[in-house]
Amino acid sequence: MTEMSNTPSRPSALREFWYYFRENRGAVIGLWVFGAFLIVAALAPYIAPHDPTMQYRGNILQPPVWQEGGSWQFPLGTDPLGRDMLSRLIVGARFSFFVGIVVVSIASAGGIIIGLLAGFAPQWLDTIIMRLMDIILAFPSLLLALVLVAVLGPSLTNAMIAIAIVLQPHYVRLTRASVMSERQKDYVTSARVAGAGLMRLMFITVLPNCLAPIIVQAALSFSTAILDAAALGFLGMGAQPPTPEWGTMLAEAREFILRAWWVVTFPGVAILITVLAINLMGDGLRDALDPKLKRS
Amino acid sequence: MLKYFASRLLTFIPTFIGVTLISFAFIRLLPGDPIIVMAGERGMSPERHAELTAQYGFDQPMYVQFWNYLTGVVQGDLGNSFVTKRPVWDEFFALFPATLELSLCAMIFAVALGLPAGVIAAVNRGKFFDRALMSTALIGYSMPIFWWALLLIIVFSGILQWTPVSGRIDLVYYFPNASGFMIYDAIMSGQSGALWSAIRHLILPTIVLGTIPLAVIARQTRSAMLEVLGEDYIRTARAKGMSPSRINAVHALRNALIPVITVIGLSVGTLLAGAILTETIFSWPGIGKWMVDSIFRRDYPVVQGGLLLIAVMVMIVNLTVDVLYGIINPKIRKR
């Protein structure tokens, strides 16, 4: 082994990944923006200038600081109840990231396990699982989430559960497809011949080789989760007022759109920038992780 | 060929039964007694309660209830709305043309702009145009469309006063909405200005609903074109001295269209989900707004029936796309 050491060694997987990820400038920008939002979300209570639910009754619908009538006390203005927009947006970042992380964790964990099962199970069980997923996919995702929330009762928690259920079939399909193609490879056969049990085969032998598309899917469904949660909040079926969730903020601001542009504009900008940053990152992840597309 | 179609059809039936089961389960999953939930705060006498329970069949075993529901569904009986007392089936198909009109306009908008954008981006790969178009597409793809709608209303209805804020036509025009398609009826009514009014009402909802499909189509067209442009037969065509525009339009685009058509077909679900938000914001009297209103009114037979009809519609479109894809691309059939 020692004689081999002067040949250039293969770069570590992480470094190779970073090499390709870095080539995509958009992805790097996305990563930076995402990192900034993560910090804002983590430190929200410390950096928000005001309490997000505090109503300053003397400063209702005050415009942002650069406009006539604005002041540095409320840099992005106040909403119809006199609450500070900036503080609400900062604290709102928390809810969005919370939604994203919880939904992706539930949907991916459930989806991966069911997908692995389908990939290794006998034909009949596989068919049943995939038909079930087809059934869920037949409903437009937002509609199914809306109806599920109607059953469970409108709240942020129930909205997250509903979105996770709706997103989970995508993970099942992806995992099963990768498992199907991996399972026929020689290394799996040799592991089986060497006496690896089913659990070991599933989780230790095969799963790590199926992860690339799943990671990309996780990034993309993170942004879908944020968008759908905001849409549910906007329809009054997600987080309930006075929670400073971005979609709920938009719903509360709707009747003021022609009088006070800032109460409508800023929450939407926050959603757009977050989702855009995550999608940029997702594109970069796909380029870096998917060897087929790597150099195209 | 026939075997492929038969296998596609065979997967349709269990999915259909499953979708029916989910919409059947919906009312039964609601916490509490469904009759009391339906009655809301009004309350009712025990006799009336027993009568209604028997009328809706809630006193029978589950499998009997499901069988009755399934046979009703197959015959087009989805029950009656609590609020209007009209059959859900009739209400759905009275409102559906409005959604169809809006979705068709959105799709035309998305394809008309998305295809050329994708082709231009692919042909100018890596150059300024490509970067600009694809950045715009990614923004469109990430857009919270309910916010996008509000923004367009602020600019075009509020500041510029070009377009109306909601509805399908100005109230001064009155004519029977016979076909349900406002543009067609406006032309048929012969009233001057009616058509223009209908179109003006359509513009903003069309843009809002078409934005995400537009971005998806542009991205998909670009990547499909790039793949095709790398093929040998394109190189051959170039070597023969064909003009680049002819190569792009005739040889490349036609082959790139197959995945694009699939994406167009599969975005029907996206459109219907988008219609929920778009119709709610623009007070567009289609099935999306109808579903949201019914959820808030606790009009459960409508929610149940609408859910089922929408899912079946998506399934039929997906099946059609599958079959068409099998016809276009023989390789798929062999799988």
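This structure is a prediction, so every number in the text was calculated from the model and none was measured. (Residues numbered from 1 in each chain as written. Chains lettered and ligands numbered in written order. Predicted model: local features only at pLDDT ≥ 70, side-chain atom pairs only at ≥ 80, totals over all residues. Heavy atoms only, no water.)

Right, let's talk about the overall build of chain B for a bit. Scanning chain B from N- to C-terminus turns up 14 helices and zero strands. In terms of principal-axis extent, the alpha carbons of chain B reach across some 85 × 55 × 35 Å. Classification of the 335 residues of chain B by burial places 47% in the buried group. Considering only contacts within chain B whose residues lie at least 6 apart along the sequence, 71% involve residues at least 24 apart. Accessible surface for chain B amounts to roughly 16800 Å². Of this, 65% is attributable to carbon and sulfur atoms. (Helix = DSSP H or I, 4+ residues; strand = E, 2+ residues; numbered from the N terminus. Buried < 20%, exposed > 50% of the residue type's maximum accessible area, 1.4 Å probe, protein only. Contact = heavy atoms within 4.5 Å. Areas by Shrake-Rupley, 256 points an atom, 1.4 Å probe, with all protein chains shown as cover.)

In this section: the overall build of chain A. Within chain A, the regular secondary structure consists of 10 helices and zero strands. In chain A, buried positions account for 52% of the 296 residues. Summarising the internal contacts of chain A: among those between residues at least 6 apart in sequence, 70% fall at separations of at least 24. Accessible area for chain A stands at about 14000 Å²; split by element, carbon and sulfur atoms hold 65% of it. Within chain A, one finds 21 positive and 18 negative side-chain charges whose respective centroids are separated by 6 Å. (Lys, Arg positive; Asp, Glu negative; His and termini not counted. Charge placed at Lys NZ, Arg CZ, Asp CG, Glu CD.)

We now examine a nonpolar patch on the surface. A cluster of nonpolar side chains, contributed by Tyr184(B), Ile187(B), Met188(B), Leu195(B), Trp196(B), Ile199(B) and Ile203(B), occupies part of the molecular surface with about 690 Å² of accessible area. Inspection of the secondary structure puts Leu195(B) in helix H9 (residues 194–229). (Patch = residues over 30% accessible without salt bridge, like charges linked within 9 Å, V, L, I, M, F, W, Y side chains within 5 Å. Salt bridge = Lys/Arg side-chain N within 4 Å of Asp/Glu carboxyl O.)

Moving on, we get to the interface of chain B and chain A. At the interface, 43 residues of chain B touch 37 residues of chain A. Between chain B and chain A, a total of about 3700 Å² is buried, with carbon and sulfur atoms accounting for 83% of that surface. In terms of surface lost to chain A, no three residues of chain B exceed Phe146(B), Trp147(B) and Leu150(B), which account for 17% of the buried area on that side. Inspection of the region where chain B meets chain A yields one salt bridge. Between Arg219(B) and Asp283(A) there is a salt bridge, and its shortest N-O distance comes to 3.3 Å. For the interface between chain B and chain A, the tally reads four residue pairs in polar contact (both at pLDDT 80 or more). The set of elements that each furnish at least two residues to the side of chain B that touches chain A consists of helix H1 (2–29), helix H6 (128–141), helix H7 (145–159), helix H11 (244–282), helix H12 (287–297) and helix H13 (300–328) of chain B. Per-element accounting of the side of chain B that touches chain A gives the leading share, eight residues, to H1(B). Here the side of chain B that touches chain A is composed, by residue class, of 33 nonpolar, seven polar and three charged. (Buried area = accessible area lost by both parts, 1.4 Å probe. Polar contact = N/O pair within 3.5 Å; in protein donor to acceptor, adjacent residues only side chain to side chain. Nonpolar A, V, L, I, M, F, W, Y, C, P; charged D, E, K, R; others polar.)

In this section: the confidence of the model for chain B. This prediction gives chain B a mean pLDDT of 84; 95% of its residues lie at or above 70. Confidence estimates for the predicted assembly give a pTM of 0.87 and an ipTM of 0.86. (pLDDT = per-residue confidence, 0-100.)

Moving on: the UniProt feature "domain: ABC transmembrane type-1" (unreviewed entry) in chain B. Taking the numbering used here, the UniProt-annotated feature "domain: ABC transmembrane type-1" (unreviewed entry) corresponds to residues 96–325 of chain B. Between the first and last C-alpha atoms of residues 96–325 of chain B the distance is 27 Å; the span itself is 80% helix and 0% strand. (UniProt positions renumbered as here; feature names shortened; annotations may be inferred.)

Residues and elements named next belong to chain A. The geometry of helix H3 (residues 85–120) relative to helix H9 (residues 246–253) is characterised by a closest axis approach of 8 Å and an angle of 135° between their N-to-C directions. Classified by the interaxial angle, the pair formed by H3 and H9 is oblique. On H9, the residues touching Met85, Arg88, Leu89, Gly92, Ala93 and Ser96 of H3 are Trp246, Met249 and Glu252. Partitioning the contact of H3 with H9 into residue classes produces five nonpolar, two polar and two charged. (Axes fitted to C-alpha atoms, helices over the stretch in contact; angles between N-to-C directions. Parallel < 35°, antiparallel > 145°, perpendicular 65-115°, else oblique.)

A separate point is unusual backbone geometry. For the peptide bond that leads from Pro241(A) to Pro242(A), omega is 5°, which places it in the cis range. You can see Pro242(A) is positioned in the loop between helix H8 (198–234) and H9. In this model, Lys85(B) sits at a positive phi of 65°, which is unusual for a non-glycine residue. Tracing the chain through its elements places Lys85(B) in the loop between helix H4 (62–74) and helix H5 (88–123). Judged by its relative accessible area of 58%, Lys85(B) falls in the exposed class.

Inspection of the secondary structure puts Phe66(B) in helix H4. Counting along the chain gives 23 residues from Phe66(B) to Trp89(B), while the straight-line C-alpha distance between them is 18 Å.

Evaluated as defined, the whole model comprises 21 aromatic pairs over all chains. Each ring, one from Trp18(A) and one from Phe21(A), has its centre 5.8 Å from the other, and the planes form 25°; the classification is stacked. Here Trp18(A) pairs with Phe21(A), and both are found in helix H1 (residues 13–23), just three residues apart, close to one helical turn. On the basis of an interplanar angle of 75° and a centroid distance of 5.0 Å, the ring pair of Phe92(B) and Phe93(B) is categorised as edge-to-face. A relative accessible area of 0% means that Phe92(B) is categorised as buried. A residue is classified by how much of its surface remains accessible, and Phe93(B), at 37% relative accessible area, is partly exposed. An aromatic cluster is defined as three or more aromatic residues linked by ring pairs; in this entry it consists of Phe34(A), Phe37(A), Phe97(A), Phe222(A) and Trp246(A). Directly above the aromatic system of Tyr141(B) lies the positively charged group of Arg219(B), at a separation of 5.1 Å from the ring centroid. (Phe/Tyr/Trp six-rings, centres within 6.5 Å; stacked < 30°, edge-to-face > 60°. Lys NZ or Arg CZ within 6 Å of the ring centre and 35° of its normal.)

What follows deals with the confidence of the model for chain A. Put simply, chain A has an average pLDDT of 86, and 94% of its residues get 70 or more. Element-level mean pLDDT values for chain A span from 80 in H1(A) up to 92 in H3(A).

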